[in-house]
Amino acid sequence: MGTRYPLNFGWRFTCTDDPLYAQQACDDSDWEVVDIPHVMRELPMQYASTDSVTGIGWYRRCIELPSTVGTVHLALRFEGVATKASVWVDGIPCGTHEGAFTPFEIDLPPVVLHKQEVVVAIRCDAQEDPLVPPFGHVVDYLVPGGMYREVALLATGAYSIADLFVHSEPMERPEDRELTVHYALRCPEPPGERISLHLRLGDMQGNTIVSSLHDIAGMEGDLHMQAHGVGLWDVEHPLLYAFSATLARDGIPCDDYAIRIGFRDIRFTAKGFFLNGRLLKLRGLNRHQLYPYVGAAMPRRQQYADAEFLQGELGVNVVRTSHYPPSSHFLDKCDELGLLVITELPGWQHIGADPRWKESALRQLREMILRDRNHPSIILWGVRINESADDDAFYGKTNDTACWLDPSRPTGGVRNFGSSHLLEDVYTYNDFLHDGKRPSLADPVRVVGKRPVPYLVTEHTGHMFPARPGDPEPVLTEHALRHARVLDAMYADDRISGAIGWCMSDYQTHSQFGGGDGVCWHGVADMFRIPKYAAYVYASQQERRPVMHVLSQLHIGSHPAHAIGTVWVCTNCESVQLYFRDTLVGSAFPDRSRFPHLLHPPVAFDDLIGNRLDELEGFSKRERDLLRETLNRAATDGFDLPLLMKVRVGLLMKRHALRPSDAVKLFERFVLAWDDRDVQWEFRGVAGGKTVLSTVLRPPRSVHLEIVPDQPAMHTGETYDVVRCVISLRSEAGTLARMSHQAVHVDVEGPAKLIGPADLNLSGGVGACYVRTIGGKGQVRIVVSCPHTKPVSATILVD
Ligand code: GAL
């Protein structure tokens, strides 16, 4: 039976280059010891130059070979090396691979098979080779070099299963499926003995649902079987099944191969996207796989965390893995969560003129589809270089390749212009029309003409309005509202299958982009995946849990001319009540006038005075209304009031014998909240007649540090584990100290270590650190300290 041996620990690494490093006898004892996933050069959060992520490095490791009798084939499997890899085993050159995002296998030469151990050397070339996509022109993302995804040794006998792909068609009922099982074998040709494949479909608890035995004639082919009464994979109930094949020679099993599959029917039409026959608006975000410090070198736990963040916290139902295939761990989690995925080949706007560039792109596309075609979460293959020009000859090939390797899925290809030649199934379009004033989305007819083709917005907002976590409230609020306006426009138009915002989190990029610091501040979350206000526009569209987030802390000093203006609340509650101290200022409902189509429009409070004037004695209702209107007007526009208002207020003041200083006092009391009592605002989210969520905002008397790890335990498995700890400065009421950029220091005690620097700055009152296991078990204590407040710590168990 084939066996897989993970090889992620204890590699020797150098960031220098010498052909002698390939030799078996090379002395690497003074090289750094590293574990995989690994980035060649740690990146600063900002101002990472292209030079700091490129270059050449070498990895070496002595590996024990399995002594299993019958093993005749050994291969090294690399899940991802950025960007080019050359591999030697005991000094023998064994193969190379180009392309940072797809896996490859390198066979060990037969002459080493009898050995007990061999030395593997990998030259990792992260230079931006213009012949290898995405490079050749400017690219808006970094590709940090290194063996940044896992490595394993695969051992198989003379006969093994190389690949298995299962797709299915519904029969009369969607629950009854006709399965097509594509297999590929690795064995001597023609196979001498009677070869059979035993196929088995089971549930995830290990029960067999159906199985069948097939005699095999060729090395590769399609088999068919039927399954009745299976459950469908869906965004709400992502039901997975275990599928396996056992290869036998003359009836004696010699290899098996297991995958996870799901049954679902997807259809993009000119009237929207249908999942299992049900219309589903796709509401999503683009994801780059980059993290602070380590580029893309993050193990499973944090890959899972991104899928959980998107689906669980942000409530989106689709992610686009812009602009390359992501880690398989990420896709596994999407399968488990029911998060739909659009994935695409690596690239960015540029198509290389050299035929070798196109060959490389086609090969990377093939490798992506071969790796990923069993994931039920994937609903569309992106077969064009993101935002590139039409190239019918090239894209005819990429499209045919996808259809050939996977007849079960539609294709798309992302453009940023209209009237493009549509060789694929879905017109996928990056729509950056909205600039705050122009329409939120282009009319599809203006983009595709009258052709009734499926249409999907694959990007919006992004660079049209960058927003950093520490930016002022009005900036973060406008950022959020732009996402909300686009989503509203998407829900308004039946022809639009969905809209996928740019993007999930801030990311590191080349110098031609970003804020001059090599960071694109386009995320609805920051690089640590900490939400900005815009994140709550997405989160509040979900039905799974009540959500309410106030897009302001109601401090006058955070707003030009002290005018807080409209306070927006992202919520899926039926209404929100606002209290000032104990007085109900007013209730507000989802703003359907400004967002008529959103599932859950944000709630707007345009009036922060409301019923507070009831505490004024001796004024009639009409007088209070006039006072409220006047004070609100003065709050936003200053005291140069319209003439009629001045006259009416003048009369009112006369009637009540009020002097100008009394008017100022009213302004101070009701607009500025300047009195000797504490200011306190409370927002109550109401659903089903009950308060389900409450947020209290008041000026902090003191602040303290807080540390929240995203898991209570770490586990070293096939490689190290990484926990993210969110660090924030908060008031005694738990409110984020948004104006703080406090420097904090992190210490780690126990069997773990910090990733990145021990001194970091909060941004907008919040930041995070990553801590990884280093081998060994026990308790890890992470201590965070800064001047003027007590240190805090979190304890995590490493098991
Ligand atoms: C798009 C591009 C993305 C990103 C985005 C920024 O044009 O496809 O990769 O650069 O702009 O808004």
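In this report, the structure presented in the accompanying data block is examined. Everything numeric in this text was worked out from a predicted model, so none of it was measured.

A word on the packing of aromatic side chains. Each aromatic ring pair is characterised by the separation of its centres together with the angle its planes make. Throughout the structure, instances matching the rule amount to 23 aromatic pairs. With a centroid separation of 5.8 Å and 85° between ring planes, the pair formed by Trp568 and Phe595 is classed as edge-to-face. On the criterion of sequence distance, the pair formed by Trp568 in strand E34 (residues 567-571) and Phe595 in the loop between strand E36 (583-588) and strand E37 (603-605) is long-range, its members being 27 residues apart. Phe595 carries the same exposure label as Trp568, and that label is buried. The ring centre of Phe274 lies 5.0 Å from the NZ or CZ of Arg267, which sits over that ring. Against the face of Tyr427 rests Arg415, its NZ or CZ located 4.8 Å from the ring centre.

Glancing now at the sheet that holds strand E21 (residues 272-275). By way of backbone hydrogen bonds, the strands of a sheet pair with one another, either parallel or antiparallel. Reading across the sheet, the three strands line up as E20-E21-E22 and stay open at both edges, with antiparallel pairing between neighbours. The open sheet has two free edges, formed respectively by strand E20 (266-269) and strand E22 (278-279), since each of these has just one partner strand. Two elements, E20 and E21, share four bridges in a ladder whose sense is antiparallel. Bridging from a neighbouring strand, Ile266 pairs with Leu275 of E21.

Mapped onto the secondary structure, Asp335 falls in helix H2 (residues 328-337). Put simply, Asp335 is tucked away with no salt bridge, and the nearest opposite charge, on Arg260, sits 4.2 Å away. Among residues more than four places away in sequence, those in contact with Asp335 are Trp233, Pro238, Leu240, Arg260, His375, Pro376 and Ser377.

Two side chains that carry opposite charge are able to pair once their charged atoms sit near each other. Per the stated rule, a full pass over the model turns up 58 salt bridges. Between Arg301 and Glu308 there is a salt bridge, with the nearest N and O atoms lying 2.9 Å from each other. Between Glu344 and Arg320 there is a salt bridge whose closest N-O contact spans 2.9 Å. Taken as a pair, Glu344 in strand E25 (residues 340-344) and Arg320 in strand E24 (residues 318-321) lie far apart in primary sequence, 24 residues in all. Where salt bridges share partners, they join Arg260, Arg301, Glu308, Lys333 and Glu336 into one cluster.

What follows deals with the layout of surface pockets. Gaps between atoms show up when a probe of the same size as a water molecule is rolled over them. The volume enclosed by the second largest pocket comes to roughly 960 Å³. Forming the walls of the second largest pocket are 42 residues, and the residues nearest its centre are Pro531, Tyr536, His549, Arg730 and Leu736. Those elements that place two or more of their residues in the lining of the second largest pocket are helix H7 (533-539), strand E33 (548-550), strand E39 (690-697), strand E40 (703-709) and strand E42 (722-731). Considering every element that reaches the lining of the second largest pocket, the biggest residue donor is E39, with five residues. Grouping the constituent residues of the lining of the second largest pocket by class yields 22 nonpolar, ten polar and ten charged.

Attention now goes to the state of the cysteines. Under the counting rule described, the total for this entry stands at zero disulfides. There is no disulfide at Cys124, and the cysteine sulfur nearest it, in Cys15, is 8.7 Å away. By relative accessible area, Cys124 is classed as buried at 0%. Left without a disulfide partner, Cys254 is nearest to the cysteine sulfur of Cys187, which lies 8.5 Å away.

Conventions we followed
Residues numbered from 1 in each chain as written. Predicted model: local features only at pLDDT ≥ 70, side-chain atom pairs only at ≥ 80, totals over all residues. Heavy atoms only, no water. Phe/Tyr/Trp six-rings, centres within 6.5 Å; stacked < 30°, edge-to-face > 60°. Helix = DSSP H or I, 4+ residues; strand = E, 2+ residues; numbered from the N terminus. Buried < 20%, exposed > 50% of the residue type's maximum accessible area, 1.4 Å probe, protein only. Lys NZ or Arg CZ within 6 Å of the ring centre and 35° of its normal. Pairing = 2+ DSSP bridges. Lys, Arg positive; Asp, Glu negative; His and termini not counted. Salt bridge = Lys/Arg side-chain N within 4 Å of Asp/Glu carboxyl O. Contact = heavy atoms within 4.5 Å. 1 Å grid on protein atoms, 1.4 Å probe; cavity = no way out; pocket = protein on both sides within 12 Å on 5 of 7 lines; lining within 4 Å. Points joined across faces, edges and corners; volume = space filled by probe spheres on them. Nonpolar A, V, L, I, M, F, W, Y, C, P; charged D, E, K, R; others polar. Disulfide = S-S within 2.5 Å.

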